Amino acid sequence: TVATVGDEKVTLGLASYMVRDQQAQTMSYYNMLMSQYGVSGSASNVWDQKGDDGKTVGESSKDGVMTTINQLYVLKAHAADYDVTITDDEEKAIKEAAAEFIKDNDEKILKKLAVSEDDIVTYLELVTIRSKMHDPMTADVDTEVSANEKDQTRVTIVKVSTEGTEKDDDGNTIDLTDEEKAQKKDLAQQVLDKVKASDDVANADMDALAKEVDDSLSATAPAFTTAGSTDDTLDEAVQDAALELKDGEVADSVIEGDDGYYVVRLDKMLDEDATENKEKTVISERKSDLFDSTLEDWVKEEKIKVKDKVWDQITVTDSVSFVYKSADSSDDTKSSDAQDSTEDTSSQDNSEDTTTEDAAAEDSAE
């Protein structure tokens, strides 16, 4: 037993599996990013790095897993309050998936993981309950979204940035001179002149027109909350200018924002598709907030009690590396479905470290 939540005992095997699965997911993600950006080498040297809190990445990763374990067991404890159970079909799929996991990993790896088939079954039961708890826990969320919250305005803009691109000897960005800013404004004015001169301003290809002025320029078509919102990232000057226009009109002059000059066209004062998406986002955020706050309150009432002496036997360091056995089965994603939850977590150990072997012995003894 590595910890207890109420009357529930958490096995070291379950905790070990979750730590190594998290480690493997992180490694896979980092390696994917490195490959995407053409960075050579591997991400195996990430775990020993220290953060501002003095903890290593590996230690922080372990903390996160223990927090998740606490949440999973608390959700299980409250499942009956919402009539949430695991069906016979789900239990069958869970047991089949756990058996497949054991089959896919050899004895040496399983010993290093300190995990048993029962541990995998328990884990899959816990995540299945978690996935089924969300809807009943958030059923009472207010789904009425006001126009001020959801109405979205769509614009097309061309931005000529006035942010400096050069740095001084100390690494600080050098601001553009007034003359350089004037040149930037002139570029924006040239784009605006081309848009205004087009036969159909409302449907003019502003991206193509911008590139006629400078290949580095492009047009984007963002939406913003019509009533205004601190959540919107679009420059406030652009929003104000757009709200003075009618659909299809372009602002008569170049708009000066905080970090650039803009050519602004109002495409639609009320964009129905963007508004519908915003409404869904607002409701989703409300549900997420309710789920998180309810779970947080439950966790405060039922804090996990960790046996540090046992938990310390699991280490996440650069010398103890776990990766996915294969990369051809959606390795980088997790699913709350029982079968999928294990098919993407077959792991193999890349190191000679035997820390988890000792942990397995401790677990067996308890």
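Only a predicted model underlies this, so the values are computations on that prediction, with no experimental measurement involved.

If you tally the helices and strands in the chain, you get 13 helices and 10 strands. Residues counted as buried form 39% of the 366 residues belonging to the chain. Here the analysis covers contacts within the chain between residues at least 6 apart in sequence; of these, 75% occur between residues at least 24 apart. Carbon and sulfur atoms make up 43% of the accessible area of the chain, which amounts to about 20000 Å² in all.

Most of strand β3 (residues 152-161) sits out of view: seven of its 10 residues are buried. By the bridge criterion, three bridges tie β3 to strand β5 (residues 223-225) in an arrangement that is antiparallel. If you follow Q152 over to β5, its bridge partner there is T225. Pairing of β3 with strand β7 (residues 260-268), which is carried by eight bridges, proceeds in the antiparallel orientation. Each bridged residue has a counterpart across the sheet, and for V158 the counterpart in β7 is V263. Relative to strand β4 (residues 219-220), β3 runs antiparallel, the two sharing two bridges. Bridged to V158 within β4 is A219.

Moving on: the layout of surface pockets. When its volume is computed, the second largest pocket comes out at roughly 250 Å³. E163, G164, T165, L176 and K184 are the residues nearest the centre of the second largest pocket, which is lined by 17 residues in total. Every element with two or more residues in the lining of the second largest pocket is listed here: β3 and α7 (178-197). Among the elements that take part in the lining of the second largest pocket, α7 stands out by supplying four residues, more than any other. Across the lining of the second largest pocket, the residue classes tally to five nonpolar, five polar and seven charged.

Looking now at the pairing of β7. Taken residue by residue, a regular strand's side chains alternate between the two faces of the sheet. Extensive coverage of β7 is indicated by the burial of seven of its nine residues. Bridge count between strand β6 (residues 255-256) and β7: two bridges; the pairing is antiparallel. Paired with I255 across the bridge in β7 is Y262. What sits between β6 and β7 in their antiparallel hairpin is a turn of three residues.

So, how was this worked out
Residues numbered from 1 in each chain as written. Predicted model: local features only at pLDDT ≥ 70, side-chain atom pairs only at ≥ 80, totals over all residues. Heavy atoms only, no water. Helix = DSSP H or I, 4+ residues; strand = E, 2+ residues; numbered from the N terminus. Buried < 20%, exposed > 50% of the residue type's maximum accessible area, 1.4 Å probe, protein only. Contact = heavy atoms within 4.5 Å. Areas by Shrake-Rupley, 256 points an atom, 1.4 Å probe, with all protein chains shown as cover. Pairing = 2+ DSSP bridges. 1 Å grid on protein atoms, 1.4 Å probe; cavity = no way out; pocket = protein on both sides within 12 Å on 5 of 7 lines; lining within 4 Å. Points joined across faces, edges and corners; volume = space filled by probe spheres on them. Nonpolar A, V, L, I, M, F, W, Y, C, P; charged D, E, K, R; others polar.

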